[in-house]
Structure formats: structure tokens, C-alpha cells
Amino acid sequence: MESTLNDNGHANRGGTNGWEPNPADAVQKLRETGGQEVNNLMADVQDLLGRVAHVADPEIARLRTKVEGGLTAAKKALVDGTDRVQRHAKNAMSAGDSYVRDQPWQAVGIAAVAGLVVGFLVARR
């Protein structure tokens, strides 16, 4: 079987289907689905803040400042959390990939045992 190295230094073996899971793609899909809802919420809150910006009441001004600070903190936490999840996903994928490449028969055995357990549990229903 023919083998070449890809951009990551891993061997590309002939006969594979070319599909390799990419953590960055999973994170991007998560950003698109869940991120869109969060972006909509933040846009709505910013719109609301813009609508009450002309009100001179000191209590509303204090509340507006507090909400703006909360929005800023939420955006930062979202970016930090996304980066952390992406980093952990890449590490987990790399560790799993390395294990399977280094010990393929153990990986096949683990997959077979997991399949038997799932099959047994499904059959009991």
C-alpha cells in the first residue's frame, strides 16, 4: 500500500476515502448555529440600548452602562470559550489519531468491545 505525507506530517495511505474529521470544521459549525442565536440576542440588546440612549433618567443611564458592560464581558467570554473548545478538540483529535496510528489492533479491539456492549444494550430493550 502506498503512503505519502500530508501537510501535518501524517501518512496518507492509498485506498482511504479521504475523510478525516477536522475539529476546526466542527467548531465552525457550532459557531454558525449557536453563534447565530447569540449574535441575534446581542444585536437585540444593542438595539434596545440604542432606543433608550436618549432617556435622561439617571437610573436608566446606570442600567444602560451596566448592560453594556455585561455585553462586552459576554462577547469576550464567548470568544475565549470558543478558542478553548477549539484547542481542546484539536488536542483530543490529535491524541486519538496518534493512539490509533500507534496501536491499530488495540483500537480495533476497543471498537469491537464497544460495539458488542451497545449491541447487547440495544438487544435488551
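Computed from a predicted model, the values in this text were never measured in an experiment. All residue numbers refer to positions counted from 1 along the written sequence of the respective chain. It should be noted that, the model being predicted, local features are given only for residues of pLDDT at least 70 and side-chain atom pairs only at 80 or more, the latter also being counted only at that level, while totals for whole chains, interfaces and linings use all residues. Think of the side-chain values as coming from all heavy atoms in the structure, minus any hydrogens and water.

1. Details of the overall build of the chain
Short version of the rule: Numbered from the N terminus, helices here are DSSP runs of H or I no shorter than four residues, and strands are runs of E no shorter than two. Partly exposed describes any residue whose relative accessible area lies between the buried limit of under 20% and the exposed limit of over 50%, with all areas from a 1.4 Å probe on protein chains only and scaled to the type maximum. Note on contacts: a residue pair qualifies if any of its non-hydrogen atoms lie within 4.5 Å across the two residues. The Shrake-Rupley method, run with a 1.4 Å probe, gives the accessible areas here. Residue values count only the displayed protein chains as cover.
Of regular secondary structure, the chain possesses three helices and two strands. Reading the chain from its N terminus to its C terminus gives the helix and strand order β-β-α-α-α. Buried residues in the chain amount to 10% of all 125 residues. In the chain, the share of contacts with a sequence separation of at least 24, taken over all contacts with a separation of at least 6, comes to 45%. Of the roughly 10,100 Å² of accessible surface on the chain, a fraction of 60% belongs to carbon and sulfur atoms.

2. Quick notes on a nonpolar patch on the surface
Where we set the bar: What makes a patch is a set of residues exposed beyond 30% relative accessible area and free of salt bridges, joined within 9 Å when like-charged and within 5 Å when nonpolar (Val, Leu, Ile, Met, Phe, Trp, Tyr). The working definition used for a salt bridge is a side-chain nitrogen of Lys or Arg within 4 Å of a carboxyl oxygen of Asp or Glu.
A cluster of nonpolar side chains, Val113, Val117, Phe120 and Leu121, forms an exposed patch at the surface whose accessible area comes to about 380 Å². Following the sequence through the fold, valine 117 ends up in helix H3 (residues 104–124). Residue classification places valine 117 among the partly exposed positions, given a relative accessible area of 44%.

3. Here's the deal with the pattern of salt bridges
All told, the structure shown has four salt bridges when counted by the stated rule. Ionic pairing is found between arginine 62 and glutamate 59, a salt bridge with its closest N-O pair at 2.5 Å. One end of the pair, arginine 62, and the other, glutamate 59, are both in helix H2 (residues 58–102), three residues apart, so they sit about a helical turn from each other. Between arginine 101 and aspartate 97 there is a salt bridge, with its nearest N and O atoms 2.9 Å apart. One end of the pair, arginine 101, and the other, aspartate 97, are both in helix H2, four residues apart, so they sit about a helical turn from each other. The exposure class assigned to arginine 101 is partly exposed, which follows from its relative accessible area of 27%.

4. Describing the confidence of the model for the chain
We apply this condition: Note on scores: pLDDT gives the predictor's confidence for each residue, bounded by 0 and 100.
When pLDDT is averaged along the chain, the result is 78; 74% of the residues meet or exceed 70. Mean pLDDT across the elements of the chain ranges from a minimum in strand S1 (residues 3–5), with 48, to a maximum in H3, with 93. Overall, residues 13–18 carries pLDDT values under 50, and its contacts beyond four positions in sequence, including any with other chains, amount to five contacts.

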